[in-house]
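Below are the chains, spelled out letter by letter.
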Amino acid sequence: MKKVKTYWALFEDISAGTFFSVGITLIFYGVVMRYVFNDPKPWVEEVSRYAVIWGAMLGIPIALRNNHHIQVDMLYEKLPAYMRRWVDIFASSVGILFCLFYTYYGFMLVYKRYSSGMVSMDVGVPMWIIYLILPISGVMFLLRFTERLADVWRGKEVSHDNPVI
Amino acid sequence: MTILLFSIFIVLMLLRVPIAISLALSTIIVLTQIDFNLQMVPQRVFTAMDSFPLMAIPGFVLAGVILARGGISKYLIGALRAWVGHLSGGLAVVTILACMVFAAISGSSPATAAAIGSIMIPAMVNAGYDKKYAMGLVAAAGTLGILIPPSIPLIIYGITAEVSIGKLFMAGIIPGVILGGVLVASAIFYAKKNNYRGGRKIPWGERGKMSLKAIWGAFLPFLILGSIYSGAATPTESAVIAVFYSIVVSVVIYRELRWKDVRPIIVESLNITSMIFLIIGAASLFALYLTNAQVPQQVGEWIASSNMNKFTFFLIVNLMFFVMGTFLEAVSIILITLPILLPVLAHMGINPIYFAIVMTINMEMAMITPPVGLNLFVVSGISKEKLGEVVKGVTPFIALFVLVLVLVIVFPQLSLWLPERMDY
C-alpha cells in the first residue's frame, strides 16, 4: 500500500508538472518568437493557457496532499480530541461530497460538448477534450479526500495543519 | 438567501473545511434553491481560470521558488549585509531591504517571508536579537511581497475590476517604498533602544566582490518593472521572462540548481498555484450568485440613498477588511468583496487604482492577523515556534501598517502619481 501511494504521488507530480512546465515554457516561446524573431505565433496564447490550467487543476489534489488548501483552525484548536476526530471526519466527507458533485457535472459538461462538437476559438481543439480535465481532476481530488477520510476514521495520527512552505 | 449562503459558509469554515470548498459548496447549495442550472457550475469554474493575464500568477510563483532555491536570495542578502550589516540594527535593516528586493521579483508575501526569514531569523537570533522581534519583523516585512510589484492580489484585482494590471503594479511602488522606509526607521529606533550592535565592518574590496555576485539577481526587479512600465511586455510575459532569467542565473552563474531540485520546485509552485486557482474557481461561483441575486445593485442603491461620505465609506470598508482579514486570506477577500464594492466606487467617484492600493495594505495586515495569517504560519514553520509567539512579535508592527494605510488614504497621489505617468 505504501508503495502504491509513493507511485501515485509520483504520477500526480509528473502529470501536473508536465502540463504546468509545458504551459510556462510555451508562454516564453511566444515571447521569444514575438520580440526576438518578430514572428508572433497566434496559437501559443490559447495552447499555453489550457496547458497551465490543466497543470493547475491536476495540482489541486497535490495541494491537498501537502495541506496547502487553507483552512480555519480557530474553533478546532479549542476542541477536545474526540470532537476533533468527528470534525475531521465531517470536513473530509464534505470534501468528498464536493468532489462527487464537481466530477458528475464536469462529466456532464464533457458529454454535452462532445455531442455538440464545439471547438476552441483559435486552434480548433474540440472543447470536450479540454473540459476532460474537470472530471479527471475531480476523481483525483476525490481519491485524496477519501484517503484523508480513511486516515481520520482509523484515528491515524496525521497532521492536517495549515501550510508551511 | 444571501444570509443563508454566508451562514453555511461560516459553519463549514469553522468545521475546518478548506476555505475554497466552503465557499464553493455554500454557493452551490444556495444555487440549487433558486432553480439555477447546475451544469453551468464546472464551466464557470473553468472559465474563471481561462484568462491569459491570470497566467502571470504561476509565472511569478515559479520565479519566486527558483529564486529562493537557486541562490539568488542568498547572494542578495550577502551583499546587503556587507553594506549595512555593521550598523546598529543593521541585520534588521538588511531583512527589510532584502524583503523589498525579493518583493520586487515575487508576487507573494508568504514566499517573501519564507525566502528571507529562513536565512535572516537565525542570523538575527545569533546576533543577540530577541527571537520574537526577529520573527515579527520577518512576518511584517514579508507582507511587502504583495504591495511592491509584481503582486498576485493586484493581478486578481486587475482582472476582476478590469483595470490595467501594469498600472496597478506601478501604483504599489511608492507606498511600498514608504512602508519599507517606515519599517527601517522603526528597526533603527528599536536597535538603538535595546543597544543592538552590528557585526564587523566589511572592507571595501569584499563589498565590491559580494555586490558583483549579487548583481545578477538585483537586475531582475529592473527587468520586470522596466518591461512592464515601458509597455514592452505584459505582466504575464514579464513573469515568464523572470522565470527563465532566474533559471539561467541559478544554473549557469551560481551553479546551485541540480536535476534533483526540479521536482521540489515544480511541486512547490503547484501547491501555491493550485490553491489560488481553486479559490478563484470557487469565488467565481460566488460572484455568479451575487450577480444573479443583484446584490451589488442593492448595496449600491443603499449607499446612494444613505448619503454616505467618503470618510465614513473608508472607515467602514477598512474595518470590514480588517475583520475579514483575521480569518480569510487575500485572494478570497478580494474576490468576495470587489464585485460588491466596484459599483460603490464608481458611484462615489473613487479611483479604482487608488482603492486597489488601500485594499492591498489591508491585505498585508490580513497576512499577519490571527487566526488565519499566511505569514504567521510560514514564520512559525521556519522558526519552529508556536503561532502565539509569532503573533506577539508581529502585533506592534500593525500600528505601523495602520499609519501607512492612513497616509495612503489621505494622499491619493502616493499611489496615482506613477501610473499617471505611463504612456499607454
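A brief report on the enclosed structure follows. No experiment lies behind these values; they were computed from the predicted model shown.

In terms of helices and strands, chain A carries five helices and zero strands. Taken over the C-alpha trace, chain A has a radius of gyration of 20 Å; the compact-globule value for 165 residues is 15 Å, which it surpasses by more than 25%. Burial statistics for chain A: of 165 residues in total, 48% are counted as buried. Nonlocal contacts in chain A, meaning residues at least 24 apart in sequence, comprise 74% of its contacts between residues at least 6 apart. Accessible area of chain A: about 8,500 Å², with a carbon and sulfur share of 68%. Of note, chain A has its 16 positive side-chain charges centred 5 Å away from the centre of its 13 negative side-chain charges.

The helix and strand inventory of chain B stands at 21 helices and zero strands. Dimensions along the principal axes, computed over C-alpha positions, put chain B at roughly 70 × 50 × 45 Å. For chain B, the residues scored as buried account for 62% of the 424 residues in total. Long-range pairs, those at least 24 residues apart, make up 80% of the contacts in chain B with a sequence separation of at least 6. Between the mean site of the 25 positive side-chain charges and the mean site of the 16 negative ones, chain B shows a separation of 16 Å.

This part covers the nonpolar core. By size, the foremost hydrophobic cluster in this structure holds 214 residues, and its most contacted members are Y157, F313 and F355 of chain B. Discounting residues that sit within four places of it in the chain, F355 of chain B has contacts with Y157, F313, F314, V317, F321, L341, L345 and I350 of chain B.

One pass over the full model with this rule turns up 18 salt bridges over all chains. Between R16 of chain B and D88 of chain A there is a salt bridge, with the nearest N and O atoms lying 3.5 Å from each other. Within this pair, whereas R16 of chain B is found in the loop between α1 (2-14) and α2 (19-33), its partner D88 of chain A is found in helix α3 (residues 81-116), the two belonging to separate chains. Put simply, E256 of chain B and K74 of chain B hold a salt bridge, and the shortest N to O gap is 2.8 Å.

On to unusual backbone geometry. Of note, the amide linkage connecting P149 of chain B to P150 of chain B takes the cis form, showing an omega dihedral of -10 degrees. The omega torsion across P370 of chain B and P371 of chain B is 0 degrees, close enough to zero to call that bond cis. Among the secondary structure elements, P371 of chain B is positioned in the loop between α18 (352-366) and α19 (374-383). For N67 of chain A, which is not a glycine, the phi torsion comes out positive at approximately 55 degrees. Within the secondary structure, N67 of chain A is located in the loop between α2 (42-65) and α3.

Conventions we followed
Residues numbered from 1 in each chain as written. Chains lettered and ligands numbered in written order. Predicted model: local features only at pLDDT ≥ 70, side-chain atom pairs only at ≥ 80, totals over all residues. Heavy atoms only, no water. Helix = DSSP H or I, 4+ residues; strand = E, 2+ residues; numbered from the N terminus. Rg over C-alpha atoms; globule rule 2.2 N^0.38 Å. Buried < 20%, exposed > 50% of the residue type's maximum accessible area, 1.4 Å probe, protein only. Contact = heavy atoms within 4.5 Å. Areas by Shrake-Rupley, 256 points an atom, 1.4 Å probe, with all protein chains shown as cover. Lys, Arg positive; Asp, Glu negative; His and termini not counted. Charge placed at Lys NZ, Arg CZ, Asp CG, Glu CD. Core = buried A, V, L, I, M, F, W, Y, C linked by side-chain atoms within 4.5 Å. Salt bridge = Lys/Arg side-chain N within 4 Å of Asp/Glu carboxyl O.

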